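# Inside the fold
Listed here are the chains, written in short residue letters.
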Amino acid sequence: MMLLDEILSFNEKFVEEKNYQAFETDKFPNKRAVVFTCMDTRLVELLPNALNLKNGDVKMVKNAGAILTDPYDSIMKSILVAVHALQADEVFVIAHHGCGMNKFDTEGFLEAVKDHGIDENTVNNMDHDPKEWLVGFNDVTKSVEQSVRVIENHPLLPESIPVHGLVIDPSTGKLDLVTKGY
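So, here's what we can say about the structure. (Residues numbered from 1 in each chain as written. Predicted model: local features only at pLDDT ≥ 70, side-chain atom pairs only at ≥ 80, totals over all residues. Heavy atoms only, no water.)

The space that makes up the largest pocket amounts to roughly 640 Å³. Asn63, Ile67, Thr69, Trp133 and Val135 are, among the 25 residues lining the largest pocket, the residues nearest its centre. Within the residue set of the lining of the largest pocket, elements represented by two or more residues are α3 (74-84), α6 (130-133) and α7 (140-152). Residue classes in the lining of the largest pocket are distributed as eleven nonpolar, nine polar and five charged. Volume-wise, the second largest pocket comes out at about 160 Å³. If you trace the second largest pocket, you find it lined by Pro48, Leu53, Lys54, Asn55, Gly56, Asp57, Val58 and Met60. Along the lines of polarity and charge, the residues of the lining of the second largest pocket split into four nonpolar, two polar and two charged. (1 Å grid on protein atoms, 1.4 Å probe; cavity = no way out; pocket = protein on both sides within 12 Å on 5 of 7 lines; lining within 4 Å. Points joined across faces, edges and corners; volume = space filled by probe spheres on them. Helix = DSSP H or I, 4+ residues; strand = E, 2+ residues; numbered from the N terminus. Nonpolar A, V, L, I, M, F, W, Y, C, P; charged D, E, K, R; others polar.)

So, on to helix α4 (residues 106-115). Three or more residues of α4 are buried, namely Thr106, Leu110 and Val113. For α4, the angular spread of buried residues about the axis comes to 50°, placing them on one side. Tucked inside the fold, the buried residues of α4 contact α5 (120-124) and α6. (Buried < 20%, exposed > 50% of the residue type's maximum accessible area, 1.4 Å probe, protein only. Arc of directions from axis to C-beta. Contact = heavy atoms within 4.5 Å.)

Further remarks concern the nonpolar core. Residues Phe36, Leu68, Ile79, Val91 and Ile151 are the most contacted members of the largest nonpolar core, which totals 38 residues. Looking at this core, the elements with two or more residues in it are β1 (33-38), α2 (43-50), β2 (58-63), α3, β3 (91-96), α7 and β4 (163-168). Ranked by the residues each element gives to this core, the list is headed by α3, at six residues. Not counting residues up to four positions away in its chain, the partners in contact with Val91 are Val34, Ile79, Val83, Ile151, Ile161, Pro162, Val163 and His164. (Core = buried A, V, L, I, M, F, W, Y, C linked by side-chain atoms within 4.5 Å.)

Function cannot be read off these values alone, since they describe shape.
So, in structure tokens, the structure goes:
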């Protein structure tokens with residue numbers, strides 16, 4: 001069975017048995033916060049449990065590495081929507097130790113792109129220089145500090161909104177405080 005078929009089969013039973021009722025909530029975060037974190041699979045259940053978060057408690061925004069460098073990208077837009085339209089009044093940036101974006105191998109990644117059938121002309125004719133766009137970080141703490149700065153300095157973020165920076169251990173869930181926004 002293909003993954004999509006497996007998912008659809010499970011989903012049909014999930015809805016039929018009304019298992020969704022255990023997750024009912026509204027669109028406003030109960031703990032009035034937005035969490036920006038990495039998409040790492042180890043964090044899917046660990047992060048909410050390590051922070052005592054339940055379904056409906058926070059708005060969750062993710063990307064590779066919890067990296068925010070452009071104050072006008074979709075991550076920042078999501079954070080601002082959470083604050084201005086969805087009643088979030090704190091922001092948490094949470095990266096993790098052992099992240100794949102730490103010392104990211106851009107050249108190796110571009111080779112993998114080509115191995116997947118994307119020709120070199122396509123790579124070379126993108127609107128963004130992939131060697132500048134497809135980058136990671138060298139120090140997780142400095143990366144969190146950078147993301148926090150981008151958020152804090154956005155002209156549409158009220159000064160009253162604290163922005164916190166943390167690093168989580170993906171093995172134990174232990175949090176290291178980088179920036180306390182209060």
